[in-house]
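Geometric and topological summary
So the chains spell out like this:
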Amino acid sequence: MKFSSLAGLLGAQASLLGYTFAHSSSSSSSSSSTPCTADNTGGSGTSGSETTPYAPQKTVEQWKTIGVAQNATVNNNTAPLAGLICPGYTLSNLVHNTRGLSAGLTLAGEGCNVYGNDIKELVLSVSYETKSRVHVKIVDAGEKQWQVPEEIAPSPEPLEELSEDELDYSFSYTAQPFAFWITRTSDAQILFDTRTHPLVFEDQFIQLTTNMVQDYNVYGLGETIAGWRIGNNATRTIYAADIGDVVDANLYGYHPFYLEQRFEGQGFESSGDALSSSIAIEEGPCTTSTTVKHNGFARREKESSTTSAASSKATSSAGDSSSSAHGVFLRSSNDMDVLLREDYLQYRITGGILDLYIYTGPTPLTVTQQYVQSIGLPAMQQYWTFGFHQCRWGYSNLSELVDVVESFKEFGIPLETIWTDIDYMDFWKDWTVSPNRYPADEFLAFTEGLRSGGQHYVPIVDAAIYRPDPNNATDSEYESYYRGHELDAWIKNPDGTEYVGAVWPGYTVFPDFFANGTQTYWTEALVNFSKLVDYSGIWLDMNEVSSFCVGSCGSNDLGSQPILPPFALGGVSYDYPEGFNVSNATEAAAVSSASAAAAASASASSLASPSPTNTVGPTVYAPEIEGPYGTENINYPPYAIHNWQQNGDLAGHAVSPNATHANGIREYDVHSLFGYMETIATYNGLLEHKPNERPFIISRSTYPGSGKYAGHWGGDNYSKWAYMAFSIPQAFMFQMFGIPMFGVDTCGFAGNTDEELCNRWMQLSAFFPFYRNHNTLGALSQEPYRWASVAEASKTAMKIRYSLLPYMYTLFYEASKTGAPVMNPLSFLWPNDASLVAADRQFVLGEALMVTPVLEPDVDYTMGVFPGVANGEVWYDWYTHAKVDAVAGQNTTIPAPLGHIPLFVRGGYILPMQTPGYTTDEARNGTWSLLVALDSEGSAEGEIYLDDGVSVEQESTEVIRLSVASGSLKASTEITGSVLPQAEIALEKITILGITSKPKSVSFNGKSCESVCFNSTSGELIISEFGNAGVWVQDWTLEWQ
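Residues numbered from 1 in each chain as written. Predicted model: local features only at pLDDT ≥ 70, side-chain atom pairs only at ≥ 80, totals over all residues. Heavy atoms only, no water.

1. Concerning the pairing of strand β2 (residues 100–107)
Taken residue by residue, a regular strand's side chains alternate between the two faces of the sheet. Buried residues dominate β2, accounting for six of its eight residues. Two strands pair when backbone bridges link them, and strand β1 (residues 89–97) and β2 are joined in this way by seven bridges, in the antiparallel orientation. Across the sheet, residue Ser92 finds its bridge partner in β2, namely Gly104. Hairpin connection, β1 to β2: the antiparallel pair is bridged by two residues. Where β2 lies against strand β3 (residues 121–130), seven bridges are found, and the strand directions are antiparallel. (Buried < 20%, exposed > 50% of the residue type's maximum accessible area, 1.4 Å probe, protein only. Helix = DSSP H or I, 4+ residues; strand = E, 2+ residues; numbered from the N terminus. Pairing = 2+ DSSP bridges.)

2. Thoughts on the sheet that holds strand β23 (residues 501–503)
Spatial ordering of the open sheet is given by β22-β24-β23, a layout of three strands whose pairing is antiparallel. The open sheet has two free edges, formed respectively by β22 (465–466) and β23, since each of these has just one partner strand. Summarising the sheet, β22 and strand β24 (residues 506–509) pair through two bridges and their orientation is antiparallel. Directly across from Tyr466, in β24, lies its bridge partner Thr508.

3. Points about the confidence of the model for the protein chain
This prediction gives the protein chain a mean pLDDT of 88; 86% of its residues lie at or above 70. In this model, residues 294–320 is a region of pLDDT below 50 whose contacts with residues beyond four sequence positions or in other chains number 87 contacts. The model gives residues 606–619 a pLDDT under 50, and that stretch makes 18 contacts with residues more than four places away or in other chains. (pLDDT = per-residue confidence, 0-100. Contact = heavy atoms within 4.5 Å.)

4. Let's talk about the side chain of Thr862
Looking at the secondary structure, you find Thr862 in strand β36 (residues 861–864). By relative accessible area, Thr862 is classed as buried at 8%. Reaching out from Thr862, the side chain makes a polar contact with the backbone oxygen of Pro853 at a distance of 2.9 Å. Excluding anything up to four places from it in sequence, Thr862 contacts Thr852, Pro853, Val854, Thr892, Thr893, Ile894, Ala896 and Pro902. (Polar contact = N/O pair within 3.5 Å; in protein donor to acceptor, adjacent residues only side chain to side chain.)

5. Comments concerning the packing of helix α6 (residues 479–486) against helix α7 (residues 518–529)
It is the contact of α6 with α7, at a shortest axis distance of 9 Å, that shows an interaxial angle of 155°. One finds that α6 runs roughly antiparallel with respect to α7. With respect to the hand of their crossing, α6 and α7 are arranged in right-handed fashion. Along the contact surface, α6 presents Ser480, Arg483 and Gly484, while α7 presents Thr520, Tyr521 and Glu524. The residue inventory of the contact of α6 with α7, partitioned by class, reads one nonpolar, three polar and two charged. (Axes fitted to C-alpha atoms, helices over the stretch in contact; angles between N-to-C directions. Parallel < 35°, antiparallel > 145°, perpendicular 65-115°, else oblique. Left-handed = near helix turned anticlockwise from the far one by under 90°. Nonpolar A, V, L, I, M, F, W, Y, C, P; charged D, E, K, R; others polar.)

6. Concerning the nonpolar core
Counting 301 residues, the largest nonpolar core has Tyr347, Leu969, Trp1032, Trp1036 and Leu1038 as its most contacted members. Per element, the largest residue contribution to this core is 10 residues, and it comes from helix α12 (residues 721–736). The residues contacting Leu969, other than those within four sequence positions of it, are Ile910, Leu930, Val932, Leu962, Ser963, Val964, Ile990, Trp1036, Thr1037, Leu1038 and Trp1040. (Core = buried A, V, L, I, M, F, W, Y, C linked by side-chain atoms within 4.5 Å.)

7. Side note on the environment of Lys429
Summarising the element assignment, Lys429 is placed in the loop between β20 (417–420) and α5 (440–452). Its relative accessible area of 0% is what places Lys429 among the buried residues. As a C-alpha pair, Lys429 and Ser480 span 51 residues in sequence and 9.2 Å in three-dimensional space.

8. Digging into the pattern of salt bridges
Inspection of the entire model under this criterion finds 29 salt bridges. Salt-bridge contacts for Arg666 lead to Glu632; the nearest nitrogen and oxygen are separated by 2.8 Å. Of this pair, Arg666 sits in the loop between β27 (630–633) and α10 (667–670) while Glu632 sits in strand β27, placing them 34 residues apart in sequence. Given the relative accessible area of 3%, Glu632 is considered buried. Asp669 is the salt-bridge partner of Arg666, the closest N and O atoms lying 3.1 Å from each other. Here the residues in one salt-bridge network are Asp242, Asp541, Glu544, Arg700 and Asp716, joined through shared partners. (Salt bridge = Lys/Arg side-chain N within 4 Å of Asp/Glu carboxyl O.)

9. As for the side chain of Thr776
Turning to its location among the elements, Thr776 is positioned in the loop between β32 (771–773) and α14 (788–803). We classify Thr776 as buried; its relative accessible area is 9%. For Thr776, the contacting residues outside a window of four places in its chain are Arg392, Trp393, Phe749, Ala750 and Gly751.

10. What to know about helix α13 (residues 755–765)
With 10 of 11 residues buried, α13 lies mostly within the body of the structure. Buried within α13 are the following residues: Glu756, Leu757, Cys758, Asn759, Arg760, Trp761, Met762, Gln763, Leu764 and Ser765.

11. A closer look at the state of the cysteines
Applying the stated criterion across every chain, the model contains three disulfides. Shown here is the disulfide that connects Cys549 with Cys553, its sulfur atoms set 1.9 Å apart. One quick way to see it: the torsion about the S-S bond of Cys549 and Cys553 is about -70°, and its sign makes the bridge left-handed. Comparing Cys549 with Cys553 shows no difference in burial state: the two are buried. Shown here is the disulfide that connects Cys747 with Cys758, its sulfur atoms set 2.1 Å apart. In this structure, the disulfide formed by Cys747 and Cys758 twists by about 80° around the S-S bond and is classed as right-handed. (Disulfide = S-S within 2.5 Å.)

12. Digging into the environment of Glu166
In this fold, Glu166 is placed in the loop between β4 (133–140) and β5 (170–175). Residue classification places Glu166 among the partly exposed residues on the basis of a relative accessible area of 37%. Counting along the chain gives 34 residues from Glu166 to Ser132, while the straight-line C-alpha distance between them is 8.6 Å. Side-chain polar atoms of Glu166 contact the backbone nitrogen of Ser163, separated by 2.9 Å.

13. Some words on α6
Along α6, the residues that are buried comprise Ser480, Tyr481 and Gly484. Take α6 and look down its axis: the buried residues cluster within an arc of 100°, on one side only. The outward face of α6, more than 90 degrees from its buried face, is lined by the exposed residues Glu479 and Glu486. Packing partners of the buried residues in α6 comprise β22, β24 and α7. A positive phi of about 55° marks Asp488, the residue just after α6. (Arc of directions from axis to C-beta.)

Rendered as structure tokens:
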């Protein structure tokens, strides 16, 4: 949502920059004119009333926000290399079982204790869980190290029955030094190989390394913003952090999963007894030892320093593919760096255990499905959530919010859901509404009116709860804190007192979702809050979890409550997109002049009042404690991950690692679980509130399995062309992570957008699952009606989106059943085309609709490839229905004037559509149509899923399967329960693309069709007038000859 470089909204900015509106209605006269305050009429020291300005109010002292600088170990050239000095382990006491093996691992020499205390005795277990998934787990023998609790994030479940001939992998190892490797048996590819890299297992540092093939193609390892394919010289830090969307930084989510794709001739082949010479020896020599290979249930042993495996190499499991893929998931919650280097990939984890899952694929799509099925299939969303959502930080009062909703209607731009940021709250406190700016009775009536009109409202909920001053009778009226205190629901300090950080309302406490009473607290809060506003979903923010100060900074300062955040609120954003100086030269000059003046003023102010420094940090509790294996430094671990936040201090913009949860659980081990656990608590609370309504949740912080409960937006992006482009690989990443309900802040969150960027972005995001426009306080308003061209471009794209809602809803149904992505990279659908491995400027919605956006300013065209044309694939222009004349393997120049987004339909697919409406409710009642795109063989297929669009448990559903072959389109219906209302809506028309000549006859269920139109230029056949009968109440056949 926001970060510390905040800006206030000044009305003069619009006139200064010549900012024009596409309509004449004025914004609300009651808008806040004092943006540097939490509430323009708020009362100092109050919670239930607002009577005096906040302007002179105290802020959190700067020194409390400054952590102790940490030098990231990966950037420290003098840091010891654990793999060169640590002895590794020796395997012994091997025990076989029907589904794998177990063994002991003993430290093979003197401990190196390089970034912690070496653990001498470990236990290895290998489980053959499914035919395509093997589980390798290494724990300390005493099991005193942190392990992710099964009741919080369940391990993937193994199949109950599994025969040895089903397995597509073998597990092999050397006993001394211990190393292991996983081979896919169908093509003899070694997928994970630790040889030549000794295992390091300390209480605060674990290092595991796998050899990689030359020029490997790896995807995943998030959350971050970057190109789709990770380079071979990169470091991915996996630690949930409250960071504006910095490219390559560790962001809000924690996802230690990667997918690797290889092409023929690119890989380790297990050939006889010879280990491929390309395997890296990065950290020490390999020692000859006993090697054992486990191929399913069969075991054989021989003396060798290398593996034994089949000598033949297959190009794929099917024998006719030139590529293959596999995946690796490290189930953990501890902070880590993942080093991707030229010939190896290395995990460096700051604690816990090794809990590794390898998925054999063998295609990118199957790997993704195998992974998503193992962590939990994504939730089926309510139908309305696929409409357009509008939000901003800066809707300062209810009148302004009403004006926005009415303006969308005035300009005929579909608006499904209006959202509010923290503006609606009473002094930014969760579970409250501002009595002056959002009066409770009026606000409730407004949200109820939205629902009755087929629209929706979603509020933000931050993770921190205001901690009142116990000595201020008025301030202490905030019941939400005291109820949590009564239920013992707050995170603690090491001494058992409540941990008090600082977020938007001032000093705050944080829910402890490990505590028994916290679910009760959270559910009660959600239910009680529904009596204030009629919300349809919840937006979870700041849940990494974020705190603006280091440590429990408010423990001894509650008398200052309410206190403002430790940074200035107010000011004007002077940041504009790339190319603004070309397209808006006069305005850009004015901006540059104003920006320079503001910078000079800020510099003078800074010289007059130098920023405080802190070399020690406000640490209240000793960072070192005695752990089960020796002294541990919790706040400043010996291995410093490459955390991008605030000098690398783990307590920077976060709850301190030494904060304590129920049962003594340390924040150090579970920091990145907070958002996931809050999401589950919210999901459970919403189900308690409305038991059979699918909860709609958008969460900033995510974890493997979050997709079972929520969607995700891309966080605090920027109004830049680069960030619009990055939104595509961001979406790919979360499709792979099993969170298909993904979108970004359209037109950008931070800085000012401009007409051209917002025009292009509103059209691009129309083809993302989650479609929302949102921006920050201090920037220009960017609702699509602010520019005439953006309004028209938005309506054009939304008309297409809303007509395709049956298709998108069906894609989500498939995702909820199989784990298939909703937005596909080209490399997933054409895995044998090596030229597509880094392609991230186009995508395919499902498998049928390719989107090729404009991603740079001041152009009227874009470039795109048309995959598969070398093998006979056919593409059709969405708008003209004509076949695309493309050359295989070449970028094609595609005309794209402003307001036009190129879309292409893939031959062989059928797109179901309905007449669009202003809301999704209206669209669901629109007449049906089908767009049939024939492939080169004259075939096509498609599917439609229907249900009530709301319920968790469906009483009635329908699946319609469509197929074309030999001039015949058949619809087969499978109805469960009663016939749904959507099924009884009439079919308006069927459009068939790729017809080479005018048919002699066309019939529907044997009856001749009279309304038939053939366009010989485009090769399309349009059949209409099918009568008023429900199209999906029975099977039918359309034939042409």
